[in-house]
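Below are the chains, spelled out letter by letter.
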Amino acid sequence: MAEPRPILLDCDPGVDDALAILWIAAHPERFDLRAVTVVAGNVGLECTAPNARRMLDVAGLGAVPVYAGAHRPIMRARGKTSKMHGGDGLGDVGLPPATRAPEPLHGAQAIVETARACDGRLHLLATGPLTNLALALLLAPDLPELIDGITLMGGAAFGPGNTTPAAEFNFHVDPEAARIVFESGIPIVMAGLDVTRQAVLSPQAMARLSGPDAPLQGLCGSLLAGYHDPCLHDPAVVAYLLEPALFESVAGHVAIVTTPGDTAGQSVAAISERHLAGRAPNAQILTGLDQPRFEALFLNSMVTLGTSL
Ligand code: RIB
Ligand code: CA
């Protein structure tokens, strides 16, 4: 069995981010979660930071450090807090409060220092606006040599956005950050709305995520009940790392629109030779998902985690 992969999760919990944390926690044999960095997104940093701590504590990962990062996008004013995740960002399910404050280091610096400590083996998962990753790239120009890649939830390569007709939420919040990341040269796997809109749970699966005899599944069910979006956007990132064969993908060059206006944050994907126009692909764009196998994998992982706690 290979060594667990060193990973860092940058997120904005957020119910679907929280489910991604649970999914990571269910597989210590696959993931060595070195740190979680948080960013303002679904809710403000004053909620996303404690929410990450709360989820790590409930998932048995109390030793994993949390670092607070950017409280606002690089160039734009902070947008409206999303109501999709409940008032506290975790579906108002009443989880115990965070057991401790975030570490003193800024999240962007924590990304750099964690990468340095992993000798080039660190893989970044990103499930929120990309502000922390962009700041880390500005802090450490050698960061692309220090990490082995980024698997992120964000964008919409071939379809409409969910926040504007053109842009998905994470890229819409901070288009400049997304552009810095996609122009960094780091290998990127992009789980955009093209694939995460397929990451839904059937009613049969939802029925298994409840009931007093399975407390962790019950927590998932409660979180999902407080989440006003049927798609498990962020967990798709974890599913890809666990089982890439669940997905179909295409290599492409993704450009992020940063001009002000209705297209800000749009992810423009070129895949044909004509559209690439000599540019090399900068991302592997996920386009298809085997939903039944995704759902089964998620449920099995939640059962595994529930029995391990
Ligand atoms: O567009 C969906 C993404 O925006 C998810 O990551 C969700 O948590 C929000 O951050
Ligand atoms: Ca998120």
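The structure under discussion appears in the preceding block.
Being a predicted model, the structure only gives us computed values, none of them experimental.

Cut-offs used in this document
Residues numbered from 1 in each chain as written. Chains lettered and ligands numbered in written order. Predicted model: local features only at pLDDT ≥ 70, side-chain atom pairs only at ≥ 80, totals over all residues. Heavy atoms only, no water. Axes fitted to C-alpha atoms, helices over the stretch in contact; angles between N-to-C directions. Helix = DSSP H or I, 4+ residues; strand = E, 2+ residues; numbered from the N terminus. Parallel < 35°, antiparallel > 145°, perpendicular 65-115°, else oblique. Left-handed = near helix turned anticlockwise from the far one by under 90°. Contact = heavy atoms within 4.5 Å. Nonpolar A, V, L, I, M, F, W, Y, C, P; charged D, E, K, R; others polar. Buried < 20%, exposed > 50% of the residue type's maximum accessible area, 1.4 Å probe, protein only. Pairing = 2+ DSSP bridges. Disulfide = S-S within 2.5 Å. Donors = N, O, S within 2.8 Å, 3.2 Å for Na, K, Ca; no water.

### Describing the packing of helix 4 (residues 131–139) against helix 7 (residues 175–182)
Where helix 4 meets helix 7, the closest approach of the two axes is 8 Å, and the angle between their N-to-C directions is 55 degrees. Judged by the inter-axis angle, helix 4 sits oblique to helix 7. Helix 4 and helix 7 meet at a crossing whose hand is left-handed. Contacts from Thr 131, Leu 133, Ala 134, Leu 137 and Leu 138 in helix 4 reach Ala 177, Ile 180 and Val 181 in helix 7. A breakdown of the residues in the contact of helix 4 with helix 7 according to their chemical character gives 7 nonpolar, 1 polar and no charged.

### Observations regarding the pairing of strand 5 (residues 147–153)
Along any regular strand the residues' side chains alternate between the sheet's two faces. Of all the 7 residues making up strand 5, 6 are buried; the element is thus mostly covered by neighbouring parts of the structure. Looking at chain direction, strand 4 (residues 122–126) and strand 5 are connected through 5 bridges and run parallel. Paired with Leu 124 across the bridge in strand 5 is Ile 150. Alignment of strand 5 against strand 6 (residues 188–191), held across 4 bridges, turns out to be parallel. Of the residues in strand 6, the one forming a bridge with Thr 151 is Val 189.

### Looking at the state of the cysteines
Per the counting criterion, the structure on display carries 0 disulfides. With no disulfide of its own, Cys 47 lies closest to Cys 11 among cysteine sulfurs, the gap being 13 Å. The closest cysteine sulfur to the non-disulfide-bonded Cys 220 is located on Cys 11, 16 Å from its own sulfur. With relative accessibility at 0%, the residue Cys 220 sits in the buried group.

### Looking at the coordination of the calcium ion (ligand 2)
Taken together, Asp 12 (OD), Asp 17 (OD), Asp 17 (OD), Thr 127 (O) and Asp 234 (OD) make up the protein donors of the calcium ion (ligand 2), found 2.1 to 2.6 Å from the metal. In the primary structure, the donors to the calcium ion (ligand 2) are separated according to the pattern D-x4-D-x109-T-x106-D. In this pair, Asp 12 sits in the loop between strand 1 (5–11) and helix 1 (15–25) while Thr 127 sits in the loop between strand 4 and helix 4, placing the two residues 115 residues apart along the sequence. Asp 12 sits in the buried class, given a relative accessible area of 0%.

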